[in-house]
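# Structural overview
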Amino acid sequence: MDLALRIFLILSTVIYFVILLSMLRKGKFGLKYALIWLFMGIAMIVFIVFPNTVYAASRLIGVSNPVNAVFLVFALFSIIMLISVTASNSQLMEKNLRLSQNLALLEERVRRMEEESKK
Amino acid sequence: MKVIVIIPCYNESESILNVVRELKEVKPDFDYVVINDCSTDNTEEILVQNGIHHINLPVNLGIGGGVQTGFKYAVENGYDISVQLDGDGQHDPRYLDDIVTPVAEGRCDMCVGSRFINKQGFQSSFMRRVGIRFLSRLIKICSGVEVFDTTSGFRAMNAAVTKYFTRSYAQDYPEPEAIISAATQGFRISEAAVVMRERQGGKSSINPLKSAYYMIKVSVAIILYSFSGRVKR
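Presented here is an overview of the structure given in this document.

Reading guide: rules and limits
Residues numbered from 1 in each chain as written. Chains lettered and ligands numbered in written order. Predicted model: local features only at pLDDT ≥ 70, side-chain atom pairs only at ≥ 80, totals over all residues. Heavy atoms only, no water. Pairing = 2+ DSSP bridges. Helix = DSSP H or I, 4+ residues; strand = E, 2+ residues; numbered from the N terminus. Axes fitted to C-alpha atoms, helices over the stretch in contact; angles between N-to-C directions. Expected span 1.5 Å × (residues − 1). Buried < 20%, exposed > 50% of the residue type's maximum accessible area, 1.4 Å probe, protein only. Contact = heavy atoms within 4.5 Å. Buried area = accessible area lost by both parts, 1.4 Å probe. Polar contact = N/O pair within 3.5 Å; in protein donor to acceptor, adjacent residues only side chain to side chain. Nonpolar A, V, L, I, M, F, W, Y, C, P; charged D, E, K, R; others polar.

## Thoughts on the sheet that holds strand E3 (residues 54-56) of chain B
Residue and element names in this part refer to chain B.
- Taking strand neighbours across the sheet as the criterion, the seven strands line up as E3-E2-E1-E4-E6-E5-E7 in an open arrangement whose pairing is mixed. Both outer strands of the open sheet, E3 and strand E7 (189-193), are each paired with one neighbouring strand and no more. If you compare each strand with its neighbour and ignore which way they point, the axes differ by 20 degrees on average.
- The pairing of strand E4 (residues 81-84) with strand E6 (residues 155-158) spans four bridges and is classified as antiparallel. Directly across from Ser-82, in E6, lies its bridge partner Met-157.

## Remarks on helix H3 (residues 62-76) of chain B
All names here are of chain B.
- With 15 residues, H3 extends 21 Å from end C-alpha to end C-alpha; this agrees with the ideal 21 Å at 1.5 Å per step.
- Residues of H3 that are buried: Gly-64, Gly-65, Gly-66, Val-67, Gln-68, Thr-69, Gly-70, Phe-71, Tyr-73 and Ala-74.
- Just past H3, the residue Gly-78 takes up positive phi, approximately 65 degrees.

## Overview of the interface of chain B and chain A
- Counting residues at the interface gives 13 residues for chain B, matched by twelve residues for chain A.
- Both sides together, the interface formed by chain B and chain A hides about 1000 Å², and carbon and sulfur atoms give 78% of it.
- The largest contributions to the chain B side of the interface with chain A come from Pro-58, Val-59 and Leu-224 of chain B, which together make up 45% of the buried area.
- Run the count over chain B and chain A and you get one residue pair in polar contact (both at pLDDT 80 or more).
- In terms of residue count, helix H8 (residues 208-225) of chain B provides more of the side of chain B that touches chain A than any other element does, six residues in total.
- Across the side of chain B that touches chain A, the residue classes tally to nine nonpolar, two polar and two charged.

## Quick word on the pairing of E6 of chain B
Residue and element names in this part refer to chain B.
- Burial of the side chains of E6 extends over both faces: Arg-155 and Met-157 are buried on one face and Ala-156 and Asn-158 on the other.
- Where strand E5 (residues 110-114) meets E6, three bridges bridge the pair, whose relative direction is antiparallel. By the bridge assignment for E6, Met-110 is matched with Met-157.

As structure tokens, this is what we get:
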């Protein structure tokens, strides 16, 4: 791999980890997603230090240019992440729905109690 | 000292009645609240029919969110000490004094009931013990706190720790993280020997796949805590 590219990638990965860890410490991430991003960072380090893994993998899946193989993997990974995030979003919406309804029913009970205690 | 026993409960209809009855028998002077984590079985029915003091969560939050609700209840109602007692019958209320007294006497801020000090009673499966021991060593390396039974939910804490946990408490698999989290806040943590039993009914929510995820997630969380500075108290 080109030395310039290697240096650029290593620098990018370092910045990536710095940002990730600082967000983690501030509690901006649930640990589940933090784990996924952390492992992706580690995978990037492996690819940079051992580019032969990337070359071998791209030959294996039949892609002639290793860079395209990397893009393909990232694209697939992004799709999986999107699916996971949309699923998570749907669960949140469902919880929100239930909370709202429960709150409304509770409000009615409290209001009824208040009216009855005034009598 | 006002003490509240927090009993998280998710689909433990087989054991919850016995757990509460035993508690009332052994420690009638302790208040308690069962946290019904949106159980899908007839837990709610059993709680209402037997006049058991409880909170119904409108949505399933898991053990972290459930117990944290108990902590919020404890703070709102001015309790000095909060205790966690599992709804599956593994924790024996006869050992409550062993974990409450060190906190009540101010010798520590949080006291964890440990199965592994005297190695009596239900010792859990081999794999779980290996995992627990690993987490214990990791916590020791990252914070200096020595706790043998890191996953034990049987623990007592004073009002300051309880209040801290209402702001910050891990949502899934909170027990080991809570130890190091409290340690980095400058709280004193100790352990007391207790004897636990096998769960009296129902099913455990942990399986091999979840266990692997648990170990990785908790280990990373513990390591991350070791990077945050320690608060002086």
